[in-house]
Amino acid sequence: KLAGCTLFITGASRGIGKAIALKAAKDGANIVIAAKTAEPHPTLPGTIYTAAAEIEAAGGKALPCVVNVREEQQIINAVEKAVKTFGGIDILVNNASAISLTGTLETETKKVNLMMDVNVRGTYLTSKTCLPHLRKSRNPHILNLSPPMNLNPMWFKNHCAYTISKYGMSMCVLGMAEEFRGEVAVNALWPKTAIHTAAMDMLGGSGIEKQCRKTDILADAAYCILTKPKSFTGNFIIDEVLLREEGIKDFDVYAIAPGHPLMPDFFLD
């Protein structure tokens, strides 16, 4: 279904971004890995080059590009390189994200800047840069890894800056879905439960993985969305809800520890 399609995925060197890339690669898609890690990181797994090797092994074509989404010129350069290499862009996945689950007085200004720059501004600028190319595609999609907007104060009080930044990504979905209705599908995807990534290990500490699902659940849900027609737009999708609608019944396959209680994700009451 995605054979020959070109996906531009931010933060695709590891975690959820890489899982989405590998799922599309199995169809024979072209993947632009737009991520920061070119040299091995001291604590985090993978680089854009190791991800590229995995994507090629899975049956896709890979274009690793060093992109810090805080740097507009790096985004522009990667988009130009993608169009030159693959002839266009069909899908943008805004997955790159920064997180600090800290209260207002505990959040350093540089952390506030990082979250606003990566999550809101990075998503906005990457979308803006890709949109002229997406509009030329037969079935273009933008997918943001961001939550449904829930104005329950509970989701603001403990990590106000982080919540604002993630809802900024969701507001991009609201605005752009309407602005480009009929031309480009724009949707958001969010997990029902905690997902096991390097970030989760860092936030949750040892033993947290038992309460998590694998990144595969988000890859499968993203694939469902990205293979729908462009008329499917403006939706805030929860992975499990969508997959149940698609007929999936066995969710144990996604669990790190089948049968173990799962931790619900943020922003879902």
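Located above this text is the structure these notes cover.
These figures come from a predicted structure and were not determined experimentally.

I'm lost on the overall build of the protein chain in this one. Help?
Tallying secondary structure elements over the protein chain gives nine helices and seven strands in all. At 17 Å, the protein chain has a C-alpha radius of gyration in line with the 18 Å of a compact globule built from 269 residues. For the protein chain, the C-alpha atoms occupy an extent of roughly 45 × 45 × 40 Å along the three principal directions. In the protein chain, which comprises 269 residues, the share counted as buried stands at 51%. Pairs at least 24 residues apart make up 73% of the contacts formed inside the protein chain by residues separated by at least 6 positions. Carbon and sulfur atoms make up 55% of the accessible area of the protein chain, which amounts to about 12,200 Å² in all.

What is the right way to look at the packing of aromatic side chains in this model?
Aromatic rings in a pair are described by how distant their centres are and how their planes are angled relative to each other. Taken as a whole, this structure holds eight aromatic pairs when the rule is applied. Judged by centre distance (5.8 Å) and plane angle (55 degrees), the ring pair of Trp-155 and Phe-267 falls under tilted. Taken as a pair, Trp-155 in helix H5 (residues 154-157) and Phe-267 in the segment after helix H9 (239-245) lie far apart in primary sequence, 112 residues in all. Taking the centre distance of 5.2 Å and the plane angle of 50 degrees together, the rings of Tyr-167 and Phe-267 count as tilted. With a gap of 100 residues between them, Tyr-167 in helix H6 (residues 160-179) and Phe-267 in the segment after H9 connect regions that are remote in the sequence. We note that Tyr-167, like Phe-267, is buried. By the ring-pair criterion, three or more aromatic residues cluster together here, those being Trp-155, Phe-156, Tyr-162, Tyr-167, Trp-190, Phe-266 and Phe-267. The ring of Tyr-223 has Lys-23 sitting right over it, with the charged end atom 5.0 Å from the ring centre. Lys-228 extends its terminal NZ or CZ atom over the ring of Phe-232, reaching a point 5.3 Å from the ring centre.

Would you explain the nonpolar core in this entry?
Generally speaking, a soluble globular protein has its nonpolar side chains buried in company with each other. Core analysis: the largest hydrophobic core is formed by 41 residues, its most contacted members being Leu-7, Ile-9, Ile-20, Ile-31, Ile-33, Ile-55 and Leu-189. Put simply, the parts of the chain that give this core at least two residues each are strand E1 (6-10), helix H1 (15-25), strand E2 (30-35), helix H2 (48-57), strand E4 (91-94), strand E5 (141-145), helix H8 (216-226) and H9. Here this core takes nine residues from H8, the largest share from any one element.

Is there a simple way to explain the sheet that holds E4 in this structure?
Sheet strands line up and pair through hydrogen bonds in the backbone, either parallel or antiparallel. Overall, parallel pairing links the seven strands, which are arranged E3-E2-E1-E4-E5-E6-E7 in an open sheet. Edge positions in the sheet fall to strand E3 (61-66) and strand E7 (236-238), since each has one partner strand and no second. In this sheet, neighbouring strand axes are inclined to one another by 20 degrees on average, regardless of whether the strands run parallel or antiparallel. On the sheet, H1 packs against E1, E2, E4 and E5 and is oriented at approximately 170 degrees with respect to E1.

Please explain helix H4 (residues 109-134) as it appears in this structure.
Given 3.6 residues per helical turn, the α-helix brings residues three or four places apart onto the same face. End to end, H4 covers 35 Å across 26 residues, agreeing with the expected 38 Å (1.5 Å per residue, within 8%). Where H4 bends most, at Gly-122, the angle is about 40 degrees. Buried residues in H4 make contact with E1, helix H3 (72-86), E4, E5 and H6.

Can you help me understand the pattern of salt bridges in this one?
A side chain of one charge can pair with a side chain of the opposite charge if their charged atoms are brought near each other. Summed over the entire model, instances satisfying the criterion amount to nine salt bridges. With a shortest N-O distance of 2.9 Å, Lys-18 and Glu-54 are connected by a salt bridge. With a gap of 36 residues between them, Lys-18 in helix H1 and Glu-54 in helix H2 connect regions that are remote in the sequence. Relative accessible area serves as the criterion here: at 19%, Lys-18 is assigned to the buried category. Note on Glu-54: relative accessible area 33%, which makes it partly exposed. Across the salt bridge formed by Glu-246 and Lys-228, the nearest N and O atoms sit 3.0 Å from each other. With Glu-246 in the segment after H9 and Lys-228 in the loop between H8 and E7, this residue pair connects regions lying 18 residues apart in the sequence.

Would you take a moment to explain the packing of H1 against H8 for this structure?
Helices that pack against each other are described as a pair by the angle of their axes relative to one another and the distance between those axes. Running from N to C, H1 and H8 cross one another at 55 degrees; their axes reach a closest spacing of 8 Å. Classified by the interaxial angle, the pair formed by H1 and H8 is oblique. Pair H1 / H8 crosses with right-handed handedness. Side by side, H1 and H8 meet where Ile-16, Ala-19, Ile-20 and Lys-23 of the first sit next to Leu-218, Ala-219, Asp-220, Ala-222 and Tyr-223 of the second.

Parameters at a glance
- Residues numbered from 1 in each chain as written.
- Predicted model: local features only at pLDDT ≥ 70, side-chain atom pairs only at ≥ 80, totals over all residues.
- Heavy atoms only, no water.
- Helix = DSSP H or I, 4+ residues; strand = E, 2+ residues; numbered from the N terminus.
- Rg over C-alpha atoms; globule rule 2.2 N^0.38 Å.
- Buried < 20%, exposed > 50% of the residue type's maximum accessible area, 1.4 Å probe, protein only.
- Contact = heavy atoms within 4.5 Å.
- Areas by Shrake-Rupley, 256 points an atom, 1.4 Å probe, with all protein chains shown as cover.
- Phe/Tyr/Trp six-rings, centres within 6.5 Å; stacked < 30°, edge-to-face > 60°.
- Lys NZ or Arg CZ within 6 Å of the ring centre and 35° of its normal.
- Core = buried A, V, L, I, M, F, W, Y, C linked by side-chain atoms within 4.5 Å.
- Pairing = 2+ DSSP bridges.
- Axes fitted to C-alpha atoms, helices over the stretch in contact; angles between N-to-C directions.
- Expected span 1.5 Å × (residues − 1).
- Bend = angle between axes of the 7 residues up to and from the residue.
- Salt bridge = Lys/Arg side-chain N within 4 Å of Asp/Glu carboxyl O.
- Parallel < 35°, antiparallel > 145°, perpendicular 65-115°, else oblique.
- Left-handed = near helix turned anticlockwise from the far one by under 90°.

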